[in-house]
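So you can see what is in the structure, the chains are spelled out below.
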Amino acid sequence: MAGNTAFVLVITSRIVLWGPNEPNCVAQKEIMTTATTIRQGGLTFPSNAPPSFHVLIKPTGAICNLDCKYCFFLSKEMLYPGSRFQMAEDLLETYLKQLLESHRAPQVNVAWQGGEPTLMGLEFFERSVELVNNMKRPGQQIQYTIQTNGTQLNDEWCAFFKKNNFLVGLSVDGPKALHDVYRVNKGGAGSFDQVMRGFEFLKKHKVDVNILCTVHAANQDHPLDVYRFFRDELGAEFIQFIPIIERVSASMLPIANEGWSERPGGDRPLYTIEGNQVTERSVNAQAYGRFLIAIFDEWVKTDVGKVYVQHFDSALANWVGVPGAVCIFAETCGEALALEHNGDLYSCDHFVEPAHKLGNIRETHLIQLLASPQQIKFGQDKKNTLPRYCRECEVRFACHGECPKNRFIKTPDGEDGLNYLCAAYKAFFNHIDGTMKIMTSLVRGGRFADEIMQMSAVEKESLLAGASTARPKQTVLSRPTSPFEM
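Residues numbered from 1 in each chain as written. Predicted model: local features only at pLDDT ≥ 70, side-chain atom pairs only at ≥ 80, totals over all residues. Heavy atoms only, no water.

Caption draft 1: How the structure looks around the pattern of salt bridges. Under the counting rule described, the total for this entry stands at 26 salt bridges. Note that K203 is salt-bridged to E200, the shortest N-O span being 3.6 Å. With K203 and E200 both in helix α5 (residues 192-204) and three residues apart, the pair spans about one turn of that helix. Residue K203 is classed as partly exposed on the basis of its relative accessible area of 42%. Under the relative-accessibility criterion, E200 is labelled partly exposed at 44%. (Salt bridge = Lys/Arg side-chain N within 4 Å of Asp/Glu carboxyl O. Helix = DSSP H or I, 4+ residues; strand = E, 2+ residues; numbered from the N terminus. Buried < 20%, exposed > 50% of the residue type's maximum accessible area, 1.4 Å probe, protein only.)

Caption draft 2: Quick peek at the side chain of N406. Within the fold, N406 resides in the loop between α13 (396-399) and β15 (407-410). Given a relative accessible area of 2%, N406 falls into the buried group.

Caption draft 3: Looking closely at the sheet that holds strand β11 (residues 308-309). Within the open sheet, the ten strands sit side by side as β11-β8-β7-β6-β5-β4-β3-β12-β13-β14. Their pairing is mixed. This sheet does not close on itself; its edge strands, each paired only once, are β11 and β14 (357-360). Those strands touched by helix α8 (residues 285-302) are β7 (208-215), β8 (238-243) and β11, and its axis lies near 165° from that of β8. (Pairing = 2+ DSSP bridges. Contact = heavy atoms within 4.5 Å. Axes fitted to C-alpha atoms, helices over the stretch in contact; angles between N-to-C directions.)

Caption draft 4: Spotlight on the packing of aromatic side chains. Under the counting rule described, the total for this entry stands at 31 aromatic pairs. Ring geometry for F72 against W260: centres 6.3 Å apart, planes inclined by 80°, an arrangement best described as edge-to-face. One end of the pair, F72, is in the loop between β3 (54-57) and α1 (89-102); the other, W260, is in the loop between α7 (253-256) and β10 (277-278), with 188 residues separating them in the sequence. What makes W260 buried here is its relative accessible area of 1%. Considering the side-chain rings of F192 and F229, the 6.0 Å spacing of their centres and the 45° angle between planes classify their relative orientation as tilted. Here the residue F192 occupies a position in helix α5, and F229 occupies one in helix α6 (residues 223-233), the gap between them amounting to 37 residues. Members of the aromatic cluster, joined through ring pairs, are Y288, F296, W299, F312, W319, F329, F397, Y425, F428 and F429. The ring of F73 has K58 lying over it, and the distance from NZ or CZ to the ring centre is 4.0 Å. (Phe/Tyr/Trp six-rings, centres within 6.5 Å; stacked < 30°, edge-to-face > 60°. Lys NZ or Arg CZ within 6 Å of the ring centre and 35° of its normal.)

As far as function goes, none of this settles anything; it's purely spatial.
In structure tokens:
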């Protein structure tokens, strides 16, 4: 998978009543303490340790059977020269034990990602479920998630997913002609047919699936072709759009444009978050805004409460004033980390590089690393480093500067730190403002947001006239989390 496509699966916003058949997602109230430490089950927690958090586990590191052209995470294997890129069983047990004992909230997410995690083999995941069942505390609820390119799936894999209630994130970039531009195998051929074969196995076994679609130069101008393919041909109910932004320095740009995989006799760059240029595959900011707007305008007419699009879920959560489940649109971050195959823990899936390595869980407990000053600062910097242009923006409450990894252009008055996608989100959030205010009025009035599809123009105008013009102030019921995230 691409390094900037951290798996943020959202079924629906926890505070949003889209319609009477929405999934049952309930916000949990967190009880904090002012003590310097907290004890539970023999483990001492720092007082600033969150009651729940999220870790993406990479049991194969960056190793993948595909060679997607925009996937700069492929280059991360250079961080571990000579490694076999397979998580050892004793480390698996150590991690799961630390994860389970560190959670004070009842729901625990065990999230697998890569590279391509299925390359570990089914037995590895069967063993992980067995270990969790042996170690979980009474009352702990386990949600298993996995992100996959789908090419390795068969009856055996999908029967296992169904039996253990896995939520599967399947990477698809749209119809075949769009998907195959960049999502290719090691021989350079498109992977669409292999992915669809895997998808058929998932459908056959009735496995819960979320479609993960990266948006890039090849599909950015085809929003409705992409959306309608997922909705009408795949029958997708949960969709996440992920912008591809390959940020590089001017000196690295020519090399990066060739891709991130190994090349015999050639220079292979290690991707790090630096520079103010983007590759030719990267999404254009204005085009991304148009992409989201076009899909939103179709969705709001026919699909509210039927199709769940992560950006729209998160937006309504922010308009209502309660955090949604997406860290990029939260005011701060830092509670979604990445664990490499050897036990190294990184601040975020987007920041798997030496400067953001927190330590190794074989040497320091997971919860201590999560609550370390380095990680606390990482999370707070999302808020504290916003330029004035963002702080004064009319849609800051919905955006919060998006992900720090994309803040590498200048504001109109020359200040550093503006998000590359600022133009996209300004256009998108302002475009949906009226609709979101109507939906907010419905939800606060004890009605369902999907009622907007049956409302007349007069009814909409009436609700909009009664909606507050003030931007919402967020009341934190719980930290923004997600079954898959980052």
